[in-house]
Each structure stands twice: as C-alpha cells, then as structure tokens.
Amino acid sequence: MNKILSVVLVFCAVVYAQSQVSFSGENIINSNDVNGPRTIYAADIDGDGDMDMVSASNQDNKIAWYENTDGLGTFGPQQLISNGAIGPNTVIAADVDGDNDLDVLSASSFDATIAWYPNTDGAGAFGAQQLISNQCQYAMWVAVADLDKDGDLDVVSASLADDKIAWYENTDGAGTFGDQQIVSTQADAALFVQVADINHDGWIDIISASMQDGKVAWYQNMNGSGFSAQNVITEQLNQPRAVACADIDKDGDTDIAVASSGDNTVSWYQNDGAGTFGAQNVIANDVTGAVSVAAVDIDKDGDQDIVACAYNTNTVMWYENTNGLGAFGQRNVITNTAQGPNHLYIADLNGDTKQDVAVACETGKKLVWYENETELSVQENVATLSCKLYPIPVADKLHIDMPKHSIQKVCVLDILGNPLQLLPCVQNTVDMSAVSPGVYLLKIYTEQQVVLKKVVKR
C-alpha cells in the first residue's frame, strides 16, 4: 500500500512580548426568531469548511441553524431544524449516523426527551426528529462520545428531576440507539454532563455537575462494560452549572473548570492524571450568576485560558492563564451588555485562526458573537523541527517521523484544543484505531519540544 506523506515544518517560538488581546463589539447572528435561547453551538453544518451556528430556544421550542454565508462570520436567516422538542435546553452537533456529515442532537425538558436530527444531504437539510429516549425527567444536557470503542458515537444525558446520568449505545453506527443505561442517580438535580478520558486509560469517562448537592463528579468507563460508582471531585459548590475539561496546567492530563452560580465562582481542579483531583483553585468569586465556562487559548500563547458568563450582570469575560500552569490573572471584560448570557461557545467564526466567542442571550432573545481581535506582538527565536506524519488520513497506525528526537507521549485533542486521551507511542507509532473519525490535533511531546499537528482520522 502506498503511503501518503504529509510533511510539515513546525516552528517553535520563544515569546518575549505578550499578545494584545481585544474583542469587537456585538455581532448579531439572530435577534428576531429566538425566544429564550438556552444554548449555542458552532459546527460546519453544510460542509463548506466554515463554522455555522446551531441554537436551542426554550420558549419557542426551536432547534435551528444559521449559515455562515461568507466564512467571515456573516450569518444567514434562521433555518428551522425542528419545533417538536418541547422546552429544548441543549443542542450539539455530531456525526450520529456515520455518513460523514454533522447531525444535531437535543435535550428537552418538558417532554423528557433526548433526540437527534439527521442531516440528510450533508448541506443542512434535516430530517424528522429521531427519538433516543423519553425517560429523562426534565432533560438538561446531552453529550456524545464513542464510549464502547466500536467506532461510532454513543450518547450521554443529564436530567434534573430524576437526578439521572445515563448513556445510550449507538447499536448499528447509523443512529439506532439501545435502551437507556443508567450510570447514576446520585447527582441531585443533574444539570450538566461532559465526556473526557479522566484517568488516561484510553476509555472516555463521564463528568457531571448537579445543582442541589453542589457536586461535580466523574464516572469511570470500565472498559466499555459499564461505569463505576460516582467519584466526587467536589461537593462544596453552590449550584454548579457547567464544566469545562482541559489541560489547564500543561501536564498532559484533563483538569476540570467549573462555573457555579450560587456562589458566583469560577474555579478549577487539578487532576493527578489518574482521576484524583486536588482542592479548589478559585479563578474568580465575583462572577455574579456564573452559568457557563470554557477553556481555550484566547491569547495564542499555548495554554488554556478561561472564558465565563455572568448571567446576572450581562457580562462575558476571560481570564488569562498567566504562567501556563493554572495561575490566572484579573477579569478581562468582553462585553457587559449581553442581556442574560446563558451559554457560550468558542470557535473560529471568521477563519483568522483566533478563537471567537459566541453567546446565547436568554433575556435579550438573541444570538451574538464577539470577534477576537488579538494582535500578536512577539519576538521569535525560531528553530525548525521536522515532523512527518503518515498516512494522512489515518485509519489505524499513525507513524511519526521526527529524526533525532525522542517522542515521550502523544495526546489527542479536539479541534478546540481540549484533551481527549493519551495514546501510547511505540517506536514512533501510535494506534488511532479506537479514535472516532474526524479532525483532531495531536500534541506530540519530545524531550525538548511540544509539537502540535493536525490529523484527519477516517
């Protein structure tokens, strides 16, 4: 078999001057057709290479999407996916049926439903609602991952009224889901769920936030045969609302950042790599009504900063990871006129490689975004490091050619830079057969450098 060789020269820079970070004013995505928007999600719905937007609005029962018409962040009119979800809270996009385009999933509270909607043509024409489960009393959140390593995407849910974290097997890889499998009913008022490999065993675990008991916890994936009992990260928070998973201290594992509205706090918890978390590290305790949090490299200095929403003060802000190890600086306001910012999503919306901020404004009845106008002001001491990956795209074995460098470890990241799992590297080869199809970043650790490479998994 002929090998397709992808050769990229990676430049490693030593930065002496900080980036100058600023954000634009409000850019409207939609302000006419959303009543009570709860979540917003950026994804390439029509397959044209740029980031479109998807929304769930609770008061008008709408799941909808908006085309990025020019790739620069100009969005077209609302295109209705469904108004059949009663009280939708969450919407995400993922390839549920394995046809290489992005479908949409929702969690809706008033009909206790987790559902998905097939992107029938790959260009944003959606089919009818496909029921996954209607056994989620006041369904609040939905997430996807290949939990059983069979090459397709399974679904995880959090429902508030029954305190339930559950998952659903994608039985045929085409979007037919099995019965609800309960992970836990010990999350009192389960509000949020996320997925990541917490203990670095190569299996995707589940993380939850529950309001009534002030708890953030994780559940170990027992090699695809089920999940462990609840492992408490903290139960000292007042109404934790959202969790972000990221390598905040640059040690190669997945840490946790949390927004909790009852105590107005954004904080993070350090992972020792095996799923034991340290004490709370407070980033800020004046985020009045903290409801959403994300970890992303805002200033392009190679580490994970924190972005958060303060619902009660209409404010969206970010905090710089000043040393790359989890010491955060003061509040940097992106906007204080967001009108009930309930959820944020970070993505490059205008194709300039910088991470912009999209916000669902619940009381303002609008979807907006703020352009990251960061101006890089750096002096660079540039060294060239040859790094060859093949084959591209990869199905199973990926070969990494880095002459004169010893590869210590390889971390798979999602396209936003959030760590998913560590892969063993044996004789400069990593096995990606268990990684779901898609576009990823590989963080390659050598004895001297950390190299970031994009890879396509088929």
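Residues numbered from 1 in each chain as written. Predicted model: local features only at pLDDT ≥ 70, side-chain atom pairs only at ≥ 80, totals over all residues. Heavy atoms only, no water.

### Regarding the pattern of salt bridges
Tallied over the entire structure, the rule returns seven salt bridges. The partner of Glu-362 in a salt bridge is Arg-38, with the nearest N and O atoms 2.5 Å apart. You can see Glu-362 sitting in the loop between strand S28 (356-361) and strand S29 (366-370) and its partner Arg-38 sitting in strand S3 (residues 37-43), a full 324 residues away along the chain. A relative accessible area of 18% means that Arg-38 is categorised as buried. (Salt bridge = Lys/Arg side-chain N within 4 Å of Asp/Glu carboxyl O. Helix = DSSP H or I, 4+ residues; strand = E, 2+ residues; numbered from the N terminus. Buried < 20%, exposed > 50% of the residue type's maximum accessible area, 1.4 Å probe, protein only.)

### A short note on the packing of aromatic side chains
Enumeration according to the criterion identifies four aromatic pairs in this entry. Ring geometry for Phe-110 and Tyr-138: centres 5.7 Å apart, planes at 80 degrees, overall edge-to-face. In this pair, Phe-110 sits in the loop between strand S8 (103-108) and strand S9 (113-117) while Tyr-138 sits in the loop between strand S10 (130-133) and strand S11 (139-145), placing the two residues 28 residues apart along the sequence. Between Trp-167 and Phe-227 the ring centres are 6.1 Å apart and the planes differ by 70 degrees, which places this aromatic pair in the edge-to-face class. Here Trp-167 is found in strand S13 (residues 164-168), whereas its partner Phe-227 is found in the loop between strand S17 (215-219) and strand S18 (231-234), with 60 residues between them in sequence. Comparing Trp-167 with Phe-227 shows no difference in burial state: the two are buried. (Phe/Tyr/Trp six-rings, centres within 6.5 Å; stacked < 30°, edge-to-face > 60°.)

### Describing the sheet that holds strand S6 (residues 79-82)
One open sheet accounts for four strands, arranged S3-S4-S5-S6; its pairing is antiparallel. This sheet does not close on itself; its edge strands, each paired only once, are S3 and S6. Across the sheet, the mean angle from the axis of one strand to that of its neighbour is 25 degrees, orientation sign disregarded. (Pairing = 2+ DSSP bridges. Axes fitted to C-alpha atoms, helices over the stretch in contact; angles between N-to-C directions.)

### Details of the environment of Ser-22
Following the sequence through the fold, Ser-22 ends up in the loop between strand S1 (6-12) and strand S2 (27-30). The sequence separation of Ser-22 and Glu-371 amounts to 349 residues, and the corresponding C-alpha distance is 8.5 Å.

### Things to note about a nonpolar patch on the surface
Nonpolar side chains collect at one region of the surface, where Ile-86, Phe-110 and Tyr-138 lie side by side and expose about 270 Å² of accessible area between them. The class for Tyr-138 is partly exposed, based on a relative accessible area of 31%. (Patch = residues over 30% accessible without salt bridge, like charges linked within 9 Å, V, L, I, M, F, W, Y side chains within 5 Å. Areas by Shrake-Rupley, 256 points an atom, 1.4 Å probe, with all protein chains shown as cover.)

### Looking at the layout of surface pockets
As a volume, the second largest pocket reaches approximately 280 Å³. Considering the residues around the second largest pocket, the lining is formed by 17 residues, among which Arg-38, Met-140, Leu-191, Arg-241 and Asn-342 are closest to the centre. Mapped onto the lining of the second largest pocket, the elements with two or more residues apiece are S3, S11, strand S15 (190-196), strand S19 (240-246), strand S23 (290-296) and strand S27 (341-347). Across the lining of the second largest pocket, the residue classes tally to nine nonpolar, five polar and three charged. (1 Å grid on protein atoms, 1.4 Å probe; cavity = no way out; pocket = protein on both sides within 12 Å on 5 of 7 lines; lining within 4 Å. Points joined across faces, edges and corners; volume = space filled by probe spheres on them. Nonpolar A, V, L, I, M, F, W, Y, C, P; charged D, E, K, R; others polar.)

### What about the sheet that holds strand S37 (residues 450-457)?
Pairing in this open sheet of four strands is antiparallel, and the strands run S33-S32-S36-S37 from one edge to the other. Each edge of the open sheet is held by one strand with a lone partner, namely strand S33 (419-423) and S37. For this sheet the average axis-to-axis angle between neighbouring strands, irrespective of direction, equals 30 degrees. In the sheet, strand S32 (residues 407-413) pairs with strand S36 (residues 438-446) via six bridges, with the strands oriented antiparallel. The residue of S36 that forms the bridge with Lys-409 is Tyr-445.

### Overview of the nonpolar core
By size, the foremost hydrophobic cluster in this structure holds 53 residues, and its most contacted members are Ile-165, Ile-206, Ile-207, Val-216, Val-243, Ile-256 and Ile-306. Once residues within four sequence positions are removed from consideration, Val-243 is found in contact with Phe-192, Gln-194, Ile-207, Ala-209, Val-216, Ile-256, Ala-257, Val-258 and Val-293. In terms of nonpolar packing, the next biggest core, distinct from the first, is built from 46 residues, Ala-64, Ile-92, Ala-139 and Ala-360 among them. (Core = buried A, V, L, I, M, F, W, Y, C linked by side-chain atoms within 4.5 Å. Contact = heavy atoms within 4.5 Å.)

### So, unusual backbone geometry
Of the consecutive residues Tyr-390 and Pro-391, the connecting peptide bond is found in the cis state with omega at -5 degrees. Assignment of secondary structure puts Pro-391 in the loop between strand S30 (383-390) and strand S31 (397-401). Between Ile-392 and Pro-393 the backbone carries a cis peptide bond, its omega angle lying at -5 degrees. For Pro-393, the location among the structural elements is in the loop between S30 and S31. Backbone geometry at Asn-428 places phi at a positive 60 degrees, although glycine is not the residue there. Examined against the element boundaries, Asn-428 turns out to sit in the loop between strand S34 (425-426) and strand S35 (429-431).

### Remarks on the confidence of the model for the protein chain
For the protein chain, per-residue confidence averages 91 on the pLDDT scale, and 92% of positions sit at 70 or higher. Considering only residues more than four positions removed or in separate chains, one finds that residues 377-384, a stretch of pLDDT under 50, has 22 contacts. (pLDDT = per-residue confidence, 0-100.)

### Thoughts on the pairing of strand S24 (residues 305-310)
With respect to burial, S24 is a largely interior element, six of its six residues being buried. In S24, alternate side chains face the same way, and those of Asp-305, Val-307 and Cys-309 on one face and Ile-306, Ala-308 and Ala-310 on the other are all buried. Bridging between S23 and S24 involves six bridges; their strand directions are antiparallel. In the sheet register, Ala-295 faces S24, and the bridge partner there is Ile-306. The pairing of S24 with strand S25 (residues 315-321) spans five bridges and is antiparallel. In the sheet register, Ala-308 faces S25, and the bridge partner there is Met-317.

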